[in-house]
Amino acid sequence: MNRTEFAKVTKAIKNPAKIAIAIVKTPTEKFNMITLEWFMRTSIQPPMFAISIGHTRYSYECLQNNRFFNLCFPSQEMVEIAKISGSFSGRDIDKFEKTKVEFFSGKLNKYPILKKAKANFECEVATQVKSGDHTIFVGKVKHSWLDQEKKVLTYRDFE
Ligand SMILES: Cc1cc2nc3c(=O)[nH]c(=O)nc-3n(C[C@H](O)[C@H](O)[C@H](O)COP(=O)(O)O)c2cc1C
């Protein structure tokens, strides 16, 4: 065991890890997707997930106005969608149009449920806490969706 640079240690323990995509509503009533590696389950009852969003992200701006998000766990066939959602900003492009991602309207304010995903969790923001240059949004899960057949996308598939 050697004392090591923080970035090196976190990279070494990253795999296997899942990647998520959060879907948020824009101030112009469209939807945006952001790829996330910083998320976690935070409560059993009620079920809750936290997502950490950088202050420079368009998604951060979106979450100021519309206090819901859909936390999607992409399947292995969605690697390109995860890459695009993590490398373009919704300020510059409509990621739903660019990726042609298939979705249907969910039960919570009609936020999109991504059809080819492994799972989707429709969440309502319960609280938030600033964490340096990110803010952690904690959402209560209202509805959950699963496709038993799909294989979940991991960081390893992504790289
Ligand atoms: C694999 C991967 C993981 C990421 N994880 C996060 C994250 O946890 N939080 C975050 O704010 N940005 C994260 N990002 C960066 C955003 O996805 C990226 O900046 C995105 O373009 C922001 O989109 P937006 O401006 O439309 O919100 C990640 C990007 C990638 C490729």
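Criteria and cut-off values
- Residues numbered from 1 in each chain as written.
- Predicted model: local features only at pLDDT ≥ 70, side-chain atom pairs only at ≥ 80, totals over all residues.
- Heavy atoms only, no water.
- Salt bridge = Lys/Arg side-chain N within 4 Å of Asp/Glu carboxyl O.
- Helix = DSSP H or I, 4+ residues; strand = E, 2+ residues; numbered from the N terminus.
- Buried < 20%, exposed > 50% of the residue type's maximum accessible area, 1.4 Å probe, protein only.
- Near = heavy atom within 4 Å.
- Polar contact = N/O pair within 3.5 Å; in protein donor to acceptor, adjacent residues only side chain to side chain.
- Areas by Shrake-Rupley, 256 points an atom, 1.4 Å probe, with all protein chains shown as cover.
- 1 Å grid on protein atoms, 1.4 Å probe; cavity = no way out; pocket = protein on both sides within 12 Å on 5 of 7 lines; lining within 4 Å.
- Sits in = over half its atoms within 2 Å of the grid points.

Colleague: Which residues make up the pattern of salt bridges, and what values do they have?
Modeller: One pass over the full model with this rule turns up 6 salt bridges. Note that Lys142 and Glu124 form a salt bridge whose closest N and O atoms lie 3.7 Å from each other. Here Lys142, found in strand E9 (residues 134-146), pairs with Glu124, found in strand E8 (residues 119-131); they are 18 residues apart in sequence, far enough to count as distant.

Colleague: Tell me what's going on with unusual backbone geometry, and back it up with residues and numbers.
Modeller: Between Gln45 and Pro46 the backbone carries a cis peptide bond, its omega angle lying at 0 degrees. Locating Pro46 in the fold gives a position in the loop between strand E3 (39-43) and strand E4 (48-54). Positive phi outside glycine occurs at Lys100, with the angle close to 55 degrees. Relative to the helices and strands, Lys100 resides in the loop between helix H4 (95-99) and strand E6 (103-105). Lys100 gets classed as exposed once you look at its relative accessible area, which sits at 67%. If you check the backbone angles, Asn109 has positive phi at about 55 degrees while not being a glycine. Owing to a relative accessible area of 42%, Asn109 belongs among the partly exposed residues under this scheme.

Colleague: Tell me about the site of the ligand, and please be specific about residues and values.
Modeller: Every one of the 22 residues lining the ligand counts as a neighbour, but Gly54, Ser59, Phe88, Ser89 and Gly90 are closest to it. The separation between an oxygen atom of the ligand and a polar main-chain atom of Tyr58 is 2.9 Å. Alone, the ligand offers 640 Å² of accessible surface; in the complex the protein occludes 88% of this. Placement of the ligand is best described as lying within the largest pocket. Mapped onto the shell around the ligand, the elements with two or more residues apiece are strand E2 (31-36), E4, helix H2 (58-65) and helix H5 (155-158). With 4 residues, E2 is the largest single contributor of residues to the shell around the ligand.

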